[in-house]
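A structural walkthrough
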Amino acid sequence: MLNTLPNGRQLLANFASLLSSMGLARLATAAAWILVARQVGPGSYGQFVACFALARLTAVSFSWGLDGWLLWKGGDSPDRATLARNSGAALTWKVGLGVLWMGLLSGLAGWFNPEVFPHNLLLISGLIVWFEELTNTAWSVFKSTLQNDITFRVVTLVQLALVLWTALLVLYDNRQLDSYLWVRVAVAGVGCLWAWSILWQRFGLHIERAALLPTLVAATPFAGSAFLAIVNERADIAIIGQLLGQEQAGLYAPASTLISSLLLIPASAYAVMVPVLVRARRQQNTDQVQRLWRRLLAGSSLLGFLLAAGLALSAPWLVALLYGATFAPTAPILAILALVLGLRCVTFALAAALVAGGHQKQRLQAQFWAAATNVVANLFVARIWGITGVAWVYVTTEAILLAGYGWAWHRQKQRS
């Protein structure tokens, strides 16, 4: 299982399972929190959104790119013992660094407005994020071994439990935000234990002290990649809110959110293809690697064109359907950002080739220049051309990222 290359049918099955589980998780979470927002009101819900956003943004300090590292190393693991050792090292670091991170969150609470960031809500939000990040580590192992059907089954049941328990509290007319948060803590905790128990049963779990420090060092480039990805995808909304105000941010954010949701499609393809390409390289099957890479690039390019064209053409109808007539100015922004979706399909294909080839540091360099361009350009463009200019900056940034990945891949191909 760990040393054979999947056929086309198995690849499609893994892609469908992973995309379905990721999409279902987002839909279920959105449905649950829509119910919460209606029950607790905008004030309390705003507190949770602020606390959860802070916890999510700082989580990279303990997740440390370990999930991306596991996705790569899993495809390069020849046996179960190696998987067990890598999984144990990642789990140990996430638990240990997570304890320090929870202390950091507790300390940060005193620096922020207590009306927006209540200490108890911030810590509860931290628990939710911590459990979810630990669960993601288990998912990374299943992704790397192309067992995404397990992810689909567990995620489906866990998210269904979240929606049902939330709906039950709504039926009892519970209006205390703490109650809904503790339900999510419980569901996330059970889901985490369940995922790790399956992983332990299938591959085992071994903590080897000698492997801990090398694991952290090897995962550092992936941590940098995760941080720069957050900057590249979130900086525009923060800058718009600061320079142009909440109304312009409110018109831009729906388009950005839709794009982020649709990026699950190329992200799923990336998660499936990285371990496949790594396996092919480990077997020193050059012809198979080249054939897989050409198919991935061709398929990603076609998918990107179809998604970008379809979204751009349907933008006015889609915005009107989802948000209503008051968000009509969002439609042109969505049509522009559709180009980001198209480019990202090809970007992820190149990223898969770089990571599978062990060139994460070269990928990180391209991400740095793209993120730096994003922030600097938006600071200059936002006041002059408004949210339309910011949207074009996002497209330009994605094109820079694609060019950087392409150049890095070309150089590595020449060297090899």
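The structure under discussion appears in the preceding block.
Residues numbered from 1 in each chain as written. Predicted model: local features only at pLDDT ≥ 70, side-chain atom pairs only at ≥ 80, totals over all residues. Heavy atoms only, no water.

Before going further, it helps to spend a moment on the overall build of the protein. Per the secondary structure count, the protein includes 13 helices and 0 strands. Against the 2.2 N^0.38 benchmark of 22 Å for 416 residues, the protein shows a C-alpha radius of gyration of 21 Å, consistent with a compact globule. Taken along the three principal axes of its C-alpha coordinates, the protein extends 55 × 45 × 40 Å. Relative to its 416 residues, the protein shows a buried fraction of 50%. As displayed, the protein has an accessible area near 19300 Å², and 67% of this comes from carbon and sulfur atoms. Looking at the protein, you have 28 positive and 15 negative side-chain charges, and the mean spots of the two groups are 10 Å apart. (Helix = DSSP H or I, 4+ residues; strand = E, 2+ residues; numbered from the N terminus. Rg over C-alpha atoms; globule rule 2.2 N^0.38 Å. Buried < 20%, exposed > 50% of the residue type's maximum accessible area, 1.4 Å probe, protein only. Areas by Shrake-Rupley, 256 points an atom, 1.4 Å probe, with all protein chains shown as cover. Lys, Arg positive; Asp, Glu negative; His and termini not counted. Charge placed at Lys NZ, Arg CZ, Asp CG, Glu CD.)

With that settled, the discussion passes to the side chain of Asn378. Within the fold, Asn378 resides in helix H13 (residues 360–415). When neighbours within four sequence positions are excluded, Asn378 is seen to be in contact with Asp236, Ile239, Thr373, Val390 and Val393. (Contact = heavy atoms within 4.5 Å.)

On to a positive patch on the surface, then. A grouping of Arg291, Arg294, Arg295 and Lys413 is seen on the molecular surface, where their side chains present a positively charged patch. Considering every element that reaches the positive patch, the biggest residue donor is helix H11 (residues 286–323), with 3 residues. By the secondary structure assignment, Arg294 is in helix H11. (Patch = residues over 30% accessible without salt bridge, like charges linked within 9 Å, V, L, I, M, F, W, Y side chains within 5 Å. Salt bridge = Lys/Arg side-chain N within 4 Å of Asp/Glu carboxyl O.)

Below, the discussion takes up the pattern of salt bridges. Where charged atoms from two side chains of opposite charge approach closely, those side chains can pair. Taken as a whole and judged by the stated rule, the model has 6 salt bridges. Across the pair Glu398 and Arg344 runs a salt bridge whose closest N-O atoms are separated by 2.8 Å. Residue Glu398 is found in helix H13, and its partner Arg344 is found in helix H12 (residues 330–356); the two are separated by 54 residues along the sequence. In this structure Glu398 comes out as buried when scored by relative accessible area, which is 0%. On the accessibility criterion, Arg344 (6% relative accessible area) is buried. Several salt bridges converge on common partners, so that one network encompasses Asp67, Lys94 and Glu133.

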